[in-house]
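Chains, contacts and geometry: an overview
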Amino acid sequence: MRPTDVGTPLHYHKVVDCQYACPAHTNVPEYLRLIAQGEYSESYLLNRESNVFPGILGRTCDRPCEPACRRGRVDGTPVAICRLKRVAADLRDDITDRLPTAPAVKNGKRIAMIGCGPSSLTVANDLLPLGYDVTIYEKHSQAGGLMRFNIPAFRLPAQVLDDETGYVINMGATVKYNTSVDSLKSLLNEGYDAVYVGSGAPKGKELDIPGRWDGNAKDAVHIGIEWLGSVHFGHIEKIEPRVLIIGVGNTAMDCCRTSKRLGATDVKVIARRSRKYFKASPWELEDAEEEQVEIVENHAPKRFVYENGTLVGMEFEVLEWTESGGKQKSTVKSTVIIPCDSVILAIGQDNAFPWIERDIGITFGEWDMPEVDKITHQSTNPKVFFGGDAAWGPQNIIWAVEHGHQAAVSIHQFCQELSPAERLPFGMNLVSVKNGMQSWAYSNDFNPSPRAKMTHEELVKRFSGVGVEVELGFSAEQTATEVQRCLNCDIETHFESKLCIECDACVDVCPTSCLTIAPATETLDELRAKLSAPAVNLTQDIYTSNPLPQTKRLMVKDEDICLHCGLCAERCPTAAWDMRKFELVVPYAFAHSAQATA
Amino acid sequence: MTSIAKPPVRHPGLPKNALGLTKRDYEGAMSTLCAGCGHDSVTAALVQAFWESDCPPHRAAKMSGIGCSSKTTAYFMKHSHGFNSVHGRMPSVTSGANAANRDLMYIGISGDGDSLSIGLGQMSHAIRRNVRMLYMLENNGVYGLTKGQFSAASDIGSTSKKGEANVQPPIDPCLLALTLGATFVARSFSGDKDQLVPIIKAGLAHNGFALIDVISPCVSFNDHEGSTKSYKYTRAHEVELTSSDFVPLRREITTPNADTEMTAVTMHDGSTVRFRKTHEGYDPTNREQAWLHVRECQKRGEVATGILYIEEGGKDMHALAKTVETPLVDLPYSVLCPGSKALDALMEEYR
């Protein structure tokens, strides 16, 4: 069995569960500490390095960090990371003079981007400071892409979008609004050095069942994302009283809640399966139900029902799901007609590339999707890069941002005539946080408070308009407590085998029985069973040291529920244990320039 | 000292004992001893043993005197009774407490200074009386609390931190106890919980005075190269005369070892101390042989560990004094103090 390698970032990176789960590797514990210190602008800027849109994501992120949060394994509820991000954004000072700037002298390379959504803007954010000339083509009149047109204003105010898209555009990007790209071939002919396709997955899925095109369907049956866009532009200002939403993803949640604000009184969301298979985030489901939206499970659409050419309802098959051989099977128990005046289809989104010619070197594969390299985002035409929902279908904003970062690295490498596949690995800094005897540069005491609850605008007020923001943000007191719930997982327990005298002090003091001094075993699995408390969470790694000086046994640590309280280091007489702050160094595009000049 | 109290969070998989308690329920206050002190490991071993033995904390009394060792009673079983006595006087106070309430479990914690210097007479007489108690002698061979003078347990030739060698012969508490008629004598090492925990459990079940001399290194003043009570020296010179398991009553023996001959000693409550292996025909029930073996180890500079001697048939203080079965505290006052007429009748008997 080999000792754990802590000289490279992977082990310590995985210990910081939130950062490891975040597609963009946002340094969550550090920005929470900055909030705790009242350094909101610093916290905002640290966020911005990795996720570019802290104010937007602080309201709308899918929060992959929160299910991963160690605090969830300790007391059942994770730290409210996402809403604390919003606190940093809401309370920041004017930081415009601290943003990256584009140099006066350009590097002579011209990049075109298609779509002004989160992924394109991230590419622009990374490339503009390096002297690139960036032109963004946007078919609508405003920047933001789906963040603007598909996320209702009651979840994301326009001002927040204007500020954060503006930070990037004002670095010097040329945005051609109201300009849709109809031919990639002719765009390439304009002599761009590279083209980035960040046009999203703008086509809502159809539901082609009997009655879809009958009667007044044109006015009464809507495609979710298109309908949300129409509401945003003011083309649609009201909806009939009884509305059915088909589908139960986050778009469905936005549709049902928007309907409630446009005059609907009886809104039902219809799902094919039971609740545990819903695609919508749990908190979005809760918010919808708080607004008296009814969620109907196990109903499959069968046909639209009309009376005298007017939609009056929809017929559904009531399903019962059984599991056999690991597969879910449904049987129809009965059918039912649910009356309604309008239907909104929110069953998914597709990509559509009618504007990409098939003779310009871009290979299209399965599902008529372009072949795109998973790491470099490069298509088979080396000048054309894809990212965001346009690359591999719908994901979420934080993934789009990460795609943008990665594509920016590739484009930069490509324009320097280097291989986009040659990329710098993650780096790390590891610095002791010891101030002195039992004094640390972080708050190591455990705060037992429960998770703070977001305050919502009262129902009557929030239905007064689509633009009334529902979540009011955390109060100062809530913020102060919530940041202290963070366990500071990036303050790593770092062990030096050669200093250990095997006094057991660390093992004895550890409140969560993470540590064991054990004889070496053949495999890690054997070791897992022999620890102070059995290490049953296989998703969490085990740390094993080099053989200890006196008995050649190993220091073993189960990373699962370590509180990072630092007591092992406080009780260690020889400083074999130390608390060290881990900082993941993510190589963005600018880091790759250094490599080029080196 | 530590900067914070131990967080109340525990591992969700932490097992519970017959009383529904986890190991952490047997903890006490945060230790204020030096980081790495052997005494903290002894505390952890005690916590483990109490938990494994299903001890009800409210039926235990923690007794101590003065010294680093005597602080440890604060660091375990925070819901138990306790008495922190004058230096070296813990054995008498425990004798008194035991006389008044024989139903409690007495845990005396002492050190080499508290027991072998100022309290030597106290300890000796508690052994003679065979007071039913667990007597933990946390032995680090140094006066740590007063910054590193030699103690009565320091070996000849072992050096102080500054390099001065000790010239006076040591008192070996195990040899002393054997000569005084102790009925349970053991030695262990704070750095070896696999050995120490079963010995503590056996000591708790013993019907009489159970002495456990624990080599418990002083990390601040006696863990250097010239020390004979350091972690390193003890690990290198430890000779395990016996290794034993404690098998509580009503639990099946699950690790039979048919290859070796075993001595098993049945305790008065029906539990068993089973000797897994003993050193070259060592018989832990033979007092003279035990004394000789320990003495020979001492001469060779070895540290003899394990349960060195056990005699379960002996009479404890109450049996020797022929007191009533009911603890005195539970006797009605009229019975405990029957009045002048009863006294007169007694006096009459002696005329």
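All figures in this text were calculated on a predicted structure; none of them were measured in a lab.

Brief notes about the overall build of chain B
- On a plain count of helices and strands, chain B comes out with 12 helices and 13 strands.
- Against the compact-globule benchmark of 20 Å for 351 residues, chain B has a radius of gyration of 21 Å, which places it among compact chains.
- Each principal axis of the C-alpha distribution contributes one length, and for chain B these read about 70 × 55 × 50 Å.
- Across the 351 residues that make up chain B, the buried fraction comes to 49%.
- Of all intrachain contacts in chain B linking residues separated by at least 6 positions in sequence, the fraction that spans at least 24 positions is 72%.

Some thoughts on the overall build of chain A
- Scanning chain A from terminus to terminus reveals 24 helices and 23 strands.
- What you see for chain A is a C-alpha radius of gyration of 27 Å, in line with the 25 Å of a compact globule of 598 residues.
- Projected onto its principal axes, the C-alpha positions of chain A cover 90 × 60 × 50 Å.
- By sequence separation, contacts in chain A at least 24 residues apart represent 73% of the contacts at least 6 residues apart.

What about unusual backbone geometry?
Residues and elements named next belong to chain A.
- One non-glycine residue, Q292, lies in the positive phi region at around 60°.
- If you trace the backbone, Q292 turns up in the loop between α16 (282-290) and β9 (294-296).
- C-beta crowding within 10 Å serves as the criterion here: with 11 such atoms nearby, Q292 is assigned to the exposed category.
- The backbone of N308 shows a phi angle near 50°, a positive value even though the residue is not glycine.
- Tracing the chain through its elements places N308 in the loop between β10 (299-307) and β11 (310-324).

Digging into the packing of helix α4 (residues 40-51) of chain A against helix α8 (residues 81-91) of chain A
Residues and elements named next belong to chain A.
- Packing of α4 against α8 brings their axes to within 8 Å, and their N-to-C directions diverge by 120°. Comparing the axis directions of α4 and α8 gives the class oblique. For the pair α4 and α8, the sense of crossing is left-handed. Residue-level contacts link Y40, S43, Y44 and N47 of α4 to K85, A88, A89 and L91 of α8.
- When grouped by side-chain class, the residues that make up the contact of α4 with α8 number 5 nonpolar, 2 polar and 1 charged.

Observations regarding the interface of chain B and chain A
- With 24 residues of chain B at the interface, the matching set in chain A holds 30 residues.
- Elements represented by at least two residues in the side of chain B that touches chain A include exactly α1 (38-52) and α8 (231-237) of chain B.
- Partitioning the side of chain B that touches chain A into residue classes produces 11 nonpolar, 8 polar and 5 charged.

Digging into the sheet that holds strand β20 (residues 515-518) of chain A
All names here are of chain A.
- Here 3 strands make up an open sheet; going across it, the order is β20-β22-β21 and the pairing antiparallel. Single-partner strands in this sheet number two, and they are β20 and β21 (542-544). With direction set aside, neighbouring strand axes in the sheet form an average angle of 20°.
- By the bridge criterion, 3 bridges tie β21 to strand β22 (residues 554-558) in an arrangement that is antiparallel. Bridging from a neighbouring strand, Y543 pairs with K557 of β22.

Concerning the domain arrangement of chain A
All names here are of chain A.
- The domain architecture assigned to chain A consists of domain 1 (1-23 + 426-598), domain 2 (101-202 + 351-415) and domain 3 (204-348).
- Summarising the inter-unit geometry, the C-alpha centres of domain 1 and domain 3 are found 43 Å apart.
- Taken together, the contacts link 5 residues of domain 1 with 6 residues of domain 3.
- Considered class by class, the residues forming the side of domain 1 that touches domain 3 number 4 nonpolar, 1 polar and no charged.

A short note on the sheet that holds strand β6 (residues 221-223) of chain A
Residues and elements named next belong to chain A.
- Here 5 strands make up an open sheet; going across it, the order is β6-β13-β7-β8-β9 and the pairing parallel. Two strands bound the open sheet, and with one partner strand each, they are β6 and β9. On average, each strand axis in the sheet is tilted by 20° relative to the strand beside it, whichever way the strands run.
- Note: strand β7 (residues 242-246) against strand β8 (residues 266-270), 5 bridges, orientation parallel. Bridge pairing links L244 to K268 in β8.
- Of the strands in this sheet, β6 and β13 (342-345) are in contact with helix α14 (residues 224-233), which crosses β6 at around 90°.

Observations concerning the nonpolar core
- Counting residues in each nonpolar core, the largest one holds 179 residues, and the members touching the most others are M113, A124, L127, Y196, I245 and I411 of chain A.
- If we skip the residues at most four places from it in the chain, I411 of chain A touches I111, V123, L127, A194, Y196 and F385 of chain A.
- Judged by nonpolar contacts, the second largest core, of 68 residues, contains A45, A61, A126 and V197 of chain B.

Digging into the pairing of β7 of chain A
Residues and elements named next belong to chain A.
- Burial of β7 is extensive: 5 of the 5 residues sit out of reach of the surface.
- Neither face of β7 is exposed, since R242, L244 and I246 on one face and V243 and I245 on the opposite face are all buried.
- In this structure, β7 lies alongside β13, joined through 4 bridges in parallel fashion. Bridged to L244 within β13 is V343.

Focus on the pairing of strand β11 (residues 263-266) of chain B
- The pairing of β11 of chain B with strand β12 (residues 272-278) of chain B spans 4 bridges and is classified as antiparallel. The residue of β12 of chain B that forms the bridge with T263 of chain B is F275 of chain B.

A word on the environment of N150 of chain A
Residues and elements named next belong to chain A.
- For N150, the location among the structural elements is in the loop between α10 (146-149) and α11 (158-169).
- Once the C-alpha coordinates of N150 and G172 are considered, the two residues, 22 residues apart in sequence, prove to be 26 Å apart.
- Leaving out residues up to four positions away in the same chain, N150 has contacts with I225, L228, G229, T251 and D254.

Parameters at a glance
Residues numbered from 1 in each chain as written. Chains lettered and ligands numbered in written order. Predicted model: local features only at pLDDT ≥ 70, side-chain atom pairs only at ≥ 80, totals over all residues. Helix = DSSP H or I, 4+ residues; strand = E, 2+ residues; numbered from the N terminus. Rg over C-alpha atoms; globule rule 2.2 N^0.38 Å. Buried ≥ 20, exposed ≤ 12 C-beta atoms within 10 Å, placed from the backbone. Contact = placed C-beta atoms within 7 Å. Axes fitted to C-alpha atoms, helices over the stretch in contact; angles between N-to-C directions. Parallel < 35°, antiparallel > 145°, perpendicular 65-115°, else oblique. Left-handed = near helix turned anticlockwise from the far one by under 90°. Nonpolar A, V, L, I, M, F, W, Y, C, P; charged D, E, K, R; others polar. Pairing = 2+ DSSP bridges. Domains from an automatic or database assignment. Core = buried A, V, L, I, M, F, W, Y, C linked by C-beta atoms within 7 Å.

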